[in-house]
Structure formats: C-alpha cells, structure tokens
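Architecture and fold: a report
Listed below, chain by chain, are the residues.
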Amino acid sequence: MDFRSSDTVIGPRTEDILPATAAAAVKVVIVGGFGVGKTTLVGSVSEIRPLSTEETMTQAGVGVDDIHGVEHKAATTVAMDFGRITLNEHLVLYLFGTPGQQRFWFLWNGLFDGALGAVVLVDTRRLEVSFDVIGRLEDRGVPFVVAINTFPEAPSYPTEELRAALDLPADVPIINCDARLRASSRDVLMTLMRYLHSLTANPEPQ
Ligand SMILES: Nc1nc2c(ncn2[C@@H]2O[C@H](COP(=O)(O)OP(=O)(O)O)[C@@H](O)[C@H]2O)c(=O)[nH]1
Ligand SMILES: [Mg+2]
C-alpha cells in the first residue's frame, strides 16, 4: 500500500500544537438538555477540529429522547464533544460536552473527574431540562455559570426571573449567548473563568 498518497498520515497541524507558553490546562464541562447547543458551542470555539460523536437520530431514540421543541434536529450526541481553546497565552481550556439525557448520566462520573467548572446551556423553551442538570452539579459541588442560548423562537425573560425559576444563588452568573458565534461562546467561557477566580478569591465560609 502506498502511504505517501494517503492523507491520513500527516504530521500535527499548527493549530494542534499547544503554545509553548501554556502554563495551565483547565478542564471544563459543557452540560445541558437535549438540543440546547452544546455541540454547537464546542464546535464554534474550538481551535482544534472538535471531536464530536454525533449520530443520526434513529427510531431507537423515539420515546426516549425528548425532542419537544427540537423536532427538526437530525443528529444527537451519543457520547461527548471534545474541543480546546487557548484563552490567553498561558491558559488553555479543554472542553467536554456531555449529553443531558438521563440515559447518559453514567457518563458524568468519569467526565467530571478533575473538572474545575461547568457551563450549563439553557433553552428557555425547555427550562425544565435544566433543573436536573443544575441539581446534579450542585450535588457534586461543581461551580457553574448559566448561559442562555438565544434561539429566535425562544421566550426571553429578565435575568432575575430566570434566576428565580432555576433557583440559582445570587452569585451564579447568568449570561445570554449565541452558541454559533465564536466570540459569544468565548465570552461564556471567560465568564466561567472569572467566576472560578472570584470563588478562589472569596471562598465561601465552610
Ligand atoms: N438559532 C440558534 N440555533 C442554534 C444555536 N445553537 C445551536 N443551534 C441549533 O440548535 C440545534 C441543536 O444544537 P446542538 O449543538 O446539536 O445541541 P446539543 O444537543 O446540545 O449538542 C442545531 O441545529 C444547532 O444548529 C443558537 O445559539 N441559535
Ligand atoms: Mg450535541
């Protein structure tokens, strides 16, 4: 077999190589209900080609995956998304997107090991999906920020109404985003990093 003609045998691409100045690599998990935009967010910010395990939705998901509000969605993430973003010359984030469907909760155990924080993506048309996810993060003591992914048909609520509806403490940041836009997704991650920093600067009394 002539491997020289194969495009699978190639060296690392420049965007795959970490900057030499990178001093800290932080693991962040992107969670949320079905179809809230996790794969989109990881894909829009990742500087490496995101690994995504999208599968065409099959009849197997019928009655199992709640597709209410996302009936047009043709693919679903079966395991996880993975991406990387260099936030500044020293700080690199590794992003893990994980499905919110209850039947994938077993994945959370491994995925949250060593994670510093999480982003909860929320679709205001289906707030109830976020309740379980937020509850599980709180049980695990994982700090998180909430990003409202603004879909055109989704109702928009004042932040404090959302805070009350999601039963979030006053200090948890809630921001709007468009997961399709790199700058917006990057802002979400910056908000998480600032929040994590504020927690280390002002630790909650035990
Ligand atoms: N209008 C709009 N559509 C979005 C946005 N984010 C994701 N989508 C679309 O919503 C669908 C579900 O997104 P996806 O990333 O697969 O959701 P996941 O199940 O959480 O990974 C896809 O068709 C996306 O193109 C957004 O911010 N605005
Ligand atoms: Mg997905």
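Cut-offs and rules
- Residues numbered from 1 in each chain as written.
- Chains lettered and ligands numbered in written order.
- Predicted model: local features only at pLDDT ≥ 70, side-chain atom pairs only at ≥ 80, totals over all residues.
- Heavy atoms only, no water.
- Core = buried A, V, L, I, M, F, W, Y, C linked by side-chain atoms within 4.5 Å.
- Buried < 20%, exposed > 50% of the residue type's maximum accessible area, 1.4 Å probe, protein only.
- Helix = DSSP H or I, 4+ residues; strand = E, 2+ residues; numbered from the N terminus.
- Contact = heavy atoms within 4.5 Å.
- Arc of directions from axis to C-beta.
- Phe/Tyr/Trp six-rings, centres within 6.5 Å; stacked < 30°, edge-to-face > 60°.
- Lys NZ or Arg CZ within 6 Å of the ring centre and 35° of its normal.
- Salt bridge = Lys/Arg side-chain N within 4 Å of Asp/Glu carboxyl O.
- Pairing = 2+ DSSP bridges.
- Right-handed = clockwise from strand over helix to strand, strands pointing away.
- Axes fitted to C-alpha atoms, helices over the stretch in contact; angles between N-to-C directions.
- Parallel < 35°, antiparallel > 145°, perpendicular 65-115°, else oblique.
- Nonpolar A, V, L, I, M, F, W, Y, C, P; charged D, E, K, R; others polar.

1. Section: the nonpolar core
- Of all hydrophobic cores here, the largest spans 46 residues; its most connected members are L93 and V146.
- With six residues, the top contributor of residues to this core is helix α5 (residues 182-201).
- In contact with V146, not counting residues within four places along its chain, are V120, V122, I134, L166, L168, V172, P173, I174 and I175.

2. A short note on helix α1 (residues 38-45)
- Residues of α1 that are buried: K38, L41, V42, S44 and V45. Down the axis of α1, the smallest arc covering the buried residues is 165°, so these residues share one side.

3. Observations regarding the packing of aromatic side chains
- With the rule as written, the count across this model stands at three aromatic pairs.
- Centre to centre, the rings of W108 and F112 are 5.0 Å apart; their planes meet at 35°, and the pair counts as tilted. Across the pair, exposure class does not vary: W108 and F112 are buried alike.
- Over the ring of F151 we find R125, and its NZ or CZ is 4.9 Å from the ring centre.
- Across from the ring centre of W108, 4.8 Å away, lies the NZ or CZ of R136, which sits over that ring.

4. Quick word on the pattern of salt bridges
- For the coordinates displayed, the defined rule picks out six salt bridges.
- For the salt bridge of R125 with D123, the shortest nitrogen-to-oxygen distance reads 2.8 Å.
- Under the relative-accessibility criterion, D123 is labelled buried at 0%.
- One salt bridge in this structure joins R125 and E153, with 2.6 Å as the shortest N-O distance. A residue pair is termed long-range when its members are at least 10 positions apart, and R125 in the loop between β5 (117-122) and α3 (128-140) and E153 in the loop between β6 (144-149) and α4 (159-166) qualify at 28 residues.
- Classification of E153 by relative accessible area gives exposed; the value is 53%.
- Bridged by salt links that share partners, the residues D123, R125, R126 and E153 form one connected network.

5. A look at the side chain of T86
- In this fold, T86 is placed in strand β3 (residues 75-86).
- Residue class for T86 comes out buried when judged on its relative accessible area of 18%.

6. Considering the pairing of strand β7 (residues 174-177)
- By the bridge criterion, four bridges tie β6 to β7 in an arrangement that is parallel. Pairing of A147 across the sheet is with I175, part of β7.
- Tracing the backbone out of β6, into α4 and back to the parallel element β7 gives a crossover that is right-handed.

7. Thoughts on the environment of N149
- Its location among the elements puts N149 in strand β6.
- Residues N149 and I175, spaced 26 residues apart in sequence, show a C-alpha to C-alpha distance of 8.7 Å.

8. Observations regarding the packing of α1 against α5
- Contact geometry of α1 with α5 gives a least axis separation of 8 Å together with a crossing angle of 100°. It follows from the interaxial angle that α1 and α5 lie roughly perpendicular. For the pair α1 and α5, contact is made by L41, S44 and V45 and by R182, S185, R186 and L189, respectively.
- Counted by class, the contact of α1 with α5 contains three nonpolar, two polar and two charged residues.

9. What about α4?
- Within α4, the full set of buried residues consists of L162, R163 and L166. The arc enclosing the buried residues of α4, seen along the axis, measures out at 105°, which places them on a common side. Among the exposed residues of α4, those pointing more than 90 degrees away from its buried face are E160 and A164.
- Looking at the buried positions of α4, the neighbouring elements they touch are α3, β6 and β7.
- One or two residues past the end of α4 sits D167, with phi positive at roughly 55°.

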